[in-house]
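Residue-level structural notes
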Amino acid sequence: VSTGTNLDLTGTIKMETPELDAAKAEEATQESRVLIIMTGGTICMQPSPSGFIPARGFQEKCMAPVPTFNDGSASATMDVVANAAREIQENPSLRTPMTAYGRQVRYTVFEFEELLDSSSIDARGWTQIAQAIERNYTLFDGFVILHGTDSLAYTCSALSFMLQNLGKPVVLTGSQAPMLELQNDATDNLLGSLVVAGLFMIPEVCLYFNNRLFRGNRTTKVAASDFAAFDAPNCAPLAVTNSMRTNVNWDMVHRPTSLEPFSIQTNLDTTHVACLRIFPGIKPEMVDAVLKLDGLRGLILETFGAGNAPSGQDNAMINVLASAIKRGIVIVNVTQCLTGSVSPVYATGMSLSRAGVVAGLDMTTEGALTKLAYLLALPESTPESIAKRMSVSIRGELTESSLPIFRHPDGTLPERIQTLTSMGYAIAHGDLEKVQAITKTEHHWLLNDADYSGNTPIHLAATSPSIKILHFLLSQGGSVHLRNRAGRTPLFLAANAGLSEHTLLLRKSGAHLHSDERPAAELLARHRPFVWGMAGVGPKEIRQREMEEEWEWDAGENRMISGSALS
Ligand code: ASN
């Protein structure tokens, strides 16, 4: 399958072809770019008279001298957007040796000004991490967050909600023993995280620990000192590293399907939520006292078994809960058990749900608490809308039986290539029905799979005669960020082909040019400012104008329509 037609509508300039710059690009695509954000935790700690404390200079002290983190190549700097004023910091970078996947990972460590023991992190710290990712989103292929283990599961959960329409991997890790200890778990945890963030298109907030990659909002810390510190009791790992490979369970990977660009929600409301564990003999008065705390808006109730709590004499407990719910407090029921789900099978559990307590199904306490804090922070949320969303999966944080699944190839390689080829053929001929049929029959996996040129179906659809196909594949969760063997993103191909609607649709879905593509794009933009302006390069006025327009997908017309045209 070819890389795209590179239609030249003006006929005045010769478009760059992938073949021409293949050699140059080949080199660039050997490297992925990862930003490591250091927030503190044991991984960077050193002993002090008052016990272990976080220490600065992680990259120089702990990574540069280690051959697995540094192939000794000439040092290059990487730009990092350092703060709200968008000041650029030129950080020294390092590069890993060649991985088993034929790519190296170039990275730099961005240290927060204040490094914390994670037991001191709060919603401000989560905001800081989300903002660091947002400011640097277009400069890197993936992100690794180094963090203490104590509150790591909370941070993972919080970020999974805060990072909206995430299209790139964000991997959190830490360690039980500091990197500078002779026998530690830090080296393996960090290396595994770097590989996932740099080489796998898993656009989720994940936690990598002790050779396993978990969905972040399913995790909980299960051991205070054991290296196997984390587990996701109700969700199988997304990937497992054994021998020299990391094997991804692609069936499980969540992908954004809403055709919106990446954005963040900050300032989760952790000050008006509480968490209370039921115990035998607990008094309704105690629960009432918590529910009457000044300004309280939400409570996570950790109940017995499948979601049961004592009803209290004369239903006193139920009455306390029901009256709080009437006052607008959202109460969510999660189980104290490590595995399983809240379900109204017993009378005691059923009376809770009749009183208006929301079933948190199989969410962890960490997941439920941060989700509640997130929903409370959303503008225009009401107790009713929050209650409704607490029982529905928004980032894979709870198990819903009817979620769509993304299959990975079961078939042999030739079969896969055959399917990809028929997919490519259908896309090139604008045959939407065929594309839909292939995708439907268990072939969701091929959305991010690539042909011999490294083109995914989204690359091919970026220059397909039918924009409907591009829209369809994006809505199924195809990634806009993968690059083909020539180092090109789908957005580059669409703009290079002069296809403005395709370009706009990709932009609206969060696509941006990779930093390696920018020099070529800036050059091409001189000759064709309009379409490249839509892709986000070239003269400022044009870029500005395109961004100010509110573009929308018109389902009736199957086209992108600007807001001004709509009104
Ligand atoms: N107290 C440390 C922290 O959470 C524990 C660790 O990282 N292993 O920052």
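Residues numbered from 1 in each chain as written. Predicted model: local features only at pLDDT ≥ 70, side-chain atom pairs only at ≥ 80, totals over all residues. Heavy atoms only, no water.

The next subject is the pattern of salt bridges. Counted according to the given criterion, the structure contains 17 salt bridges. For D71, the salt bridge is made with R95, and the minimal N-O distance between the two is 2.9 Å. Remark: R95 occurs in strand β6 (residues 94-95) and D71 occurs in the loop between α2 (58-63) and β4 (77-81); sequence separation between them is 24 residues. Since its relative accessible area comes to 29%, D71 is described here as partly exposed. When the shortest N-O distance is used, the salt bridge between R215 and E204 registers 2.8 Å. Pair noted here: R215 is in strand β12 (residues 212-215) and E204 is in the loop between α5 (186-199) and β11 (205-209), with a separation of 11 residues, a long-range link. It is possible to trace a salt-bridge network through shared partners that takes in E31, D71, R95 and R106. (Salt bridge = Lys/Arg side-chain N within 4 Å of Asp/Glu carboxyl O. Helix = DSSP H or I, 4+ residues; strand = E, 2+ residues; numbered from the N terminus. Buried < 20%, exposed > 50% of the residue type's maximum accessible area, 1.4 Å probe, protein only.)

Around the ligand, the neighbouring residues are G41, T42, D117, S118, G148, T149, D150, S175 and Q176. Here a nitrogen atom of the ligand and a side-chain polar atom of D150 are 2.8 Å apart. Q176 places a polar side-chain atom, nitrogen or oxygen, 3.4 Å from a nitrogen atom of the ligand. Within the complex, 90% of the 270 Å² of free accessible area of the ligand lies under protein. Of the residues belonging to the shell around the ligand, the class tally is no nonpolar, 7 polar and 2 charged. (Near = heavy atom within 4 Å. Polar contact = N/O pair within 3.5 Å; in protein donor to acceptor, adjacent residues only side chain to side chain. Areas by Shrake-Rupley, 256 points an atom, 1.4 Å probe, with all protein chains shown as cover. Nonpolar A, V, L, I, M, F, W, Y, C, P; charged D, E, K, R; others polar.)

For helix α6 (residues 284-291), the full list of buried residues reads P284, V287, D288, V290 and L291. Considered in projection along α6, the buried side chains sweep an arc of 160 degrees and stay on one side of the axis. Summarising the contacts, the buried residues of α6 are in contact with β18 (273-277), β19 (298-303), α7 (316-326) and β20 (330-335). (Arc of directions from axis to C-beta. Contact = heavy atoms within 4.5 Å.)

At a minimum axis separation of 10 Å, helix α9 (residues 365-377) and helix α10 (residues 383-390) run at an interaxial angle of 145 degrees. Relative to α10, the crossing made by α9 is right-handed. In contact with A368, K371, L372, L375 and L376 of α9, α10 contributes I386, R389 and M390. Residue composition of the contact of α9 with α10, by class: 6 nonpolar, no polar and 2 charged. (Axes fitted to C-alpha atoms, helices over the stretch in contact; angles between N-to-C directions. Left-handed = near helix turned anticlockwise from the far one by under 90°.)

Within the largest apolar cluster, 94 residues are counted, with the highest numbers of intra-cluster contacts made by I36, F58, M63, I133, L163 and I202. At 8 residues, the largest contribution of residues to this core is made by α9. Core analysis: the next-biggest nonpolar cluster, separate from the first, contains 40 residues, A426, L470, L505 and V537 among them. (Core = buried A, V, L, I, M, F, W, Y, C linked by side-chain atoms within 4.5 Å.)

On to the confidence of the model for the chain. The predicted model of the chain averages 88 in pLDDT, with 89% of residues at 70 or higher. Contacts from residues 1-20, a stretch scored under 50 in pLDDT, to residues over four places away or in other chains number 40 contacts. The model gives residues 402-412 a pLDDT under 50, and that stretch makes 21 contacts with residues more than four places away or in other chains. (pLDDT = per-residue confidence, 0-100.)

The 9 strands lie next to each other as β6-β7-β1-β8-β10-β11-β12-β15-β16, forming an open sheet whose pairing is mixed. Each having just a single partner strand, β6 and β16 (245-248) make up the two edges of the open sheet. Alignment of strand β8 (residues 142-146) against strand β10 (residues 170-173), held across 4 bridges, turns out to be parallel. Across the sheet, residue L146 finds its bridge partner in β10, namely T173. (Pairing = 2+ DSSP bridges.)

Although it is not a glycine, D314 sits at a positive phi angle of roughly 50 degrees. Along the polypeptide, D314 turns up in the loop between β19 and α7. For D314, a relative accessible area of 72% gives the class exposed. One non-glycine residue, E380, lies in the positive phi region at around 70 degrees. By the secondary structure assignment, E380 is in the loop between α9 and α10. By relative accessible area, E380 is classed as exposed at 79%.

Contact geometry for α7 and helix α8 (residues 347-355): axes closest at 9 Å, N-to-C directions at 25 degrees. Relative to α8, the element α7 is oriented roughly parallel. Taken as a pair, α7 and α8 cross one another with a handedness that is right-handed. Facing α7, whose interface residues are I318, L321, A322 and I325, α8 presents S351, L352 and A355. Considering only residue class, the contact of α7 with α8 consists of 6 nonpolar, 1 polar and no charged. (Parallel < 35°, antiparallel > 145°, perpendicular 65-115°, else oblique.)

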